[in-house]
Amino acid sequence: MEELSFSDLPRIFFNMDVMEGQWSLLLSGMWVTLEIAVISIVLSTVLGLFVALIRIGEDKLLNVLLIAYLEFCRATPIVVALIVVYFGLPFLNVTFSPFASAVIVIVFVHAAYIGEAFRSGILAINNTQTEAARSLGMTKFQTLRYVIIPQAFKLVLPTLANQWTGIIKDTAICTILAITELLKAAQIISTWKANPTPLVMSTVMYLIILLPLTLTTMKLEKRRGSKN
Amino acid sequence: MTEQLSQNEPLLSVVDLVKNFDDLCVLKNITNEFHEGEVVSIMGPSGSGKSTFIRCLNHIEEPTSGKIYFDGIEVTNPKTDLDTVRRDMGMVFQNFGLFPHLTAIENIMLAPLKVKKQKKAEARNFALKLLERVGLSDKADSYPKQLSGGQQQRVAIARSLAMKPRVLLFDEPTSALDPEMVREVLDVMTSLAQEGMTMIVVSHEINFIREASSRVLVLVDGEVIEDGPSKEVIDNPSHPRTKEFLGKIL
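Residues numbered from 1 in each chain as written. Chains lettered and ligands numbered in written order. Predicted model: local features only at pLDDT ≥ 70, side-chain atom pairs only at ≥ 80, totals over all residues. Heavy atoms only, no water.

**As for the overall build of chain A**
Helices and strands together make up the secondary structure of chain A, namely ten helices and zero strands. Reading the secondary structure of chain A in the N-to-C direction produces α-α-α-α-α-α-α-α-α-α. The C-alpha atoms of chain A give 22 Å as radius of gyration, which overshoots the globular expectation for 228 residues (17 Å, by more than 25%). Overall, the C-alpha framework of chain A stretches about 80 × 50 × 30 Å when taken along its three principal axes. Considering chain A as a whole, with its 228 residues, one finds that 44% of them fall into the buried category. When contacts within chain A are restricted to residue pairs at least 6 apart in sequence, those whose partners lie at least 24 apart make up 75%. Of the roughly 12500 Å² of accessible surface on chain A, a fraction of 69% belongs to carbon and sulfur atoms. Both charge centroids of chain A, one from 17 positive and one from 14 negative side chains, sit 14 Å from each other. (Helix = DSSP H or I, 4+ residues; strand = E, 2+ residues; numbered from the N terminus. Rg over C-alpha atoms; globule rule 2.2 N^0.38 Å. Buried < 20%, exposed > 50% of the residue type's maximum accessible area, 1.4 Å probe, protein only. Contact = heavy atoms within 4.5 Å. Areas by Shrake-Rupley, 256 points an atom, 1.4 Å probe, with all protein chains shown as cover. Lys, Arg positive; Asp, Glu negative; His and termini not counted. Charge placed at Lys NZ, Arg CZ, Asp CG, Glu CD.)

**Re the interface of chain A and chain B**
Facing the 16 residues of chain A at the interface are 22 residues of chain B. For the pairing of chain A and chain B, the buried interface totals around 1700 Å² over both sides, and the portion due to carbon and sulfur atoms is 63%. Of all residues in chain A, the largest losses of buried area upon contact with chain B belong to Glu-131, Ser-135 and Leu-136 of chain A, amounting jointly to 34% of the total for that side. Here chain A and chain B share two salt bridges between them. Arg-134 of chain A is the partner of Asp-83 of chain B in a salt bridge, and the nearest nitrogen-oxygen pair spans 3.1 Å. (Buried area = accessible area lost by both parts, 1.4 Å probe. Salt bridge = Lys/Arg side-chain N within 4 Å of Asp/Glu carboxyl O.)

**A look at the packing of aromatic side chains**
Per the stated rule, a full pass over the model turns up five aromatic pairs over all chains. Taken together through their ring pairs, the aromatic side chains of Tyr-69, Phe-72 and Phe-108 of chain A make up a single cluster. Here the basic side chain of Lys-193 of chain A rests over the ring of Trp-192 of chain A, its NZ or CZ set 4.7 Å away from the ring centre. When the ring centre of Phe-126 of chain B is taken as origin, the NZ or CZ atom of Lys-164 of chain B, which lies over that ring, is 4.4 Å away. (Phe/Tyr/Trp six-rings, centres within 6.5 Å; stacked < 30°, edge-to-face > 60°. Lys NZ or Arg CZ within 6 Å of the ring centre and 35° of its normal.)

**Remarks on the sheet that holds strand S8 (residues 199–202) of chain B**
Residues and elements named next belong to chain B. One open sheet holds the six strands; their spatial order is S6-S7-S8-S3-S9-S10, and the pairing between them is mixed. Edge positions in the sheet fall to strand S6 (89–92) and strand S10 (223–229), since each of these pairs with one other strand and no more. When the angles between neighbouring strand axes are averaged without regard to direction, this sheet yields 15°. Of the pairings in the sheet, the one linking strand S9 (residues 215–220) to S10 comprises six bridges and is antiparallel in character. Within S10, the position partnered with Arg-215 by the bridge is Pro-229. Its contacts with the sheet place helix H1 (residues 50–57) against strand S3 (39–43), S6, strand S7 (167–171), S8 and S9, and it is angled at close to 150° to S7. (Pairing = 2+ DSSP bridges. Axes fitted to C-alpha atoms, helices over the stretch in contact; angles between N-to-C directions.)

**Concerning the pattern of salt bridges**
All names here are of chain B. A complete count under the given rule lists 21 salt bridges over all chains for this structure. A salt bridge links Arg-166 to Glu-36, with the shortest nitrogen-to-oxygen separation between them at 2.9 Å. With Arg-166 in the loop between helix H5 (149–161) and S7 and Glu-36 in the loop between strand S2 (24–34) and S3, the pair connects residues that are 130 residues apart, well separated along the chain. Owing to a relative accessible area of 12%, Arg-166 belongs among the buried residues under this scheme. For Glu-36, a relative accessible area of 34% translates into the label partly exposed. Taken together, the shared-partner salt bridges connect Asp-221, Arg-241, Glu-244 and Lys-248 into one network.

**Side note on the domain arrangement of chain B**
You'll often see interface size given as the accessible area lost when the parts meet. Residue and element names in this part refer to chain B. Taken domain by domain, chain B holds domain 1 (7–88 + 167–250) and domain 2 (97–164). Contacts between the two partners involve 13 residues from domain 1 and, on the opposite side, 13 residues from domain 2. Both faces considered, domain 1 and domain 2 share a buried interface measuring about 1100 Å² in area, 68% of it formed by carbon and sulfur atoms. Of all residues in domain 1, the largest losses of buried area upon contact with domain 2 belong to Arg-87, Glu-184 and Val-188, amounting jointly to 41% of the total for that side. Taken together, the links from domain 1 to domain 2 amount to two salt bridges. A salt bridge links Arg-133 to Glu-195, with the nearest nitrogen and oxygen atoms 2.1 Å apart. Where the side of domain 1 that touches domain 2 is concerned, the elements lending two or more residues are S7 and helix H6 (179–194). Taken together, the residues of the side of domain 1 that touches domain 2 break down into ten nonpolar, no polar and three charged. (Domains from an automatic or database assignment. Nonpolar A, V, L, I, M, F, W, Y, C, P; charged D, E, K, R; others polar.)

**Here's the deal with the confidence of the model for chain A**
Per-residue confidence for chain A gives a mean pLDDT of 92; residues scoring 70 or more make up 98%. Least confident of the elements in chain A is helix H2 (residues 16–19) of chain A, whose mean pLDDT is 86; most confident is helix H7 (residues 127–135) of chain A, at 96. (pLDDT = per-residue confidence, 0-100.)

**So, the environment of Leu-92 of chain A**
The topology assignment puts Leu-92 of chain A in the loop between helix H5 (78–88) and helix H6 (98–124). As a C-alpha pair, Leu-92 of chain A and Ser-5 of chain A span 87 residues in sequence and 55 Å in three-dimensional space.

Right under this line is the structure:
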């Protein structure tokens, strides 16, 4: 192997000649990543809210099932869940497209965490709020919908934003399937051009997507901290 | 349900009401009646069960046994639709319980819009009238945290009135307030009493009880030890425990 010097770094990691004609593949990969992320964020947030509502309910059996589900998600690597769904379930004649498998697994795992976040937010709302709403004749559902959840949502927004960041990062597990999302696209180009620059560029793109979100989260957390 | 009750028929009646918290018996067989237009105060030392009693009336607290009838409907019957019953029973809390994510007027409009399905313009007009009535016309768009305690409690009263309740329950409405704000809340309550609103008030405000309420119940250790016209009970208490209690707060 030839001797490498410090001055070789730009040629290896920031070689724009390598990227020539390849940006469209990388950008389409970024688009796929965003698609998976947005769909997963919306679905896991909605599902997480349902999980939280069942968790605060009194049904013991459902609660035990949900705790088992939560512990399963906490104690298994997400990539294992993905392999089980995509490569395992077909043995039961249940087959999902790579895209669907990715979304199902991400939503399944993150809804558990988001559910816990919502649950702690709902429990943090003072009981007088519920009593005030119920004493006005509002139903349980109306109380949750118009009084408790809006307040809980505000309270857990920083935690939610953190989870959403995690979801976007977890889209990278799709590289093990036949989905050309951002990381996979970068790998393809990198292998073909025998140069790591595309991988570095994909990192930059992840940063472009995620930095606004993480910075906003930090701001929200600061604001929440100063309020208390 | 909204027909006028005959003179003798109580609006709200309580029969053998018992409430236990685990082993602790907080209310012991309370029986009483409240008539339309009556303003009844409830006083007693802390821990005597006043708040628990008033919270049982609209079933925010579930009684252990006994029966409560409101307008002929048995509130304590498990088959009774409590949401419907509660529309006609307003409640004002010690800690106001305003919804912090809504403005004053939104707080007032929420239940009329969602529970009574009123039109927005109609709910808004009535809410503005209520704000004027409690002297807060200029605070319609303020959020609770921008209001003083006294102002918040007045908004809370307006919010209860928005449902046009047949009885208003007050659970120590002034005890969380700074002294200089107690007056503005009591003034609103006094004017409501004068207008004929049926009210049940847990309070220690002796002047309010004496002047604005027609009857007072003295609750000690979960029992009503005295029940009579406010002035009589306060000026000439008959029970030694009442004397002792009044001696402490006067």
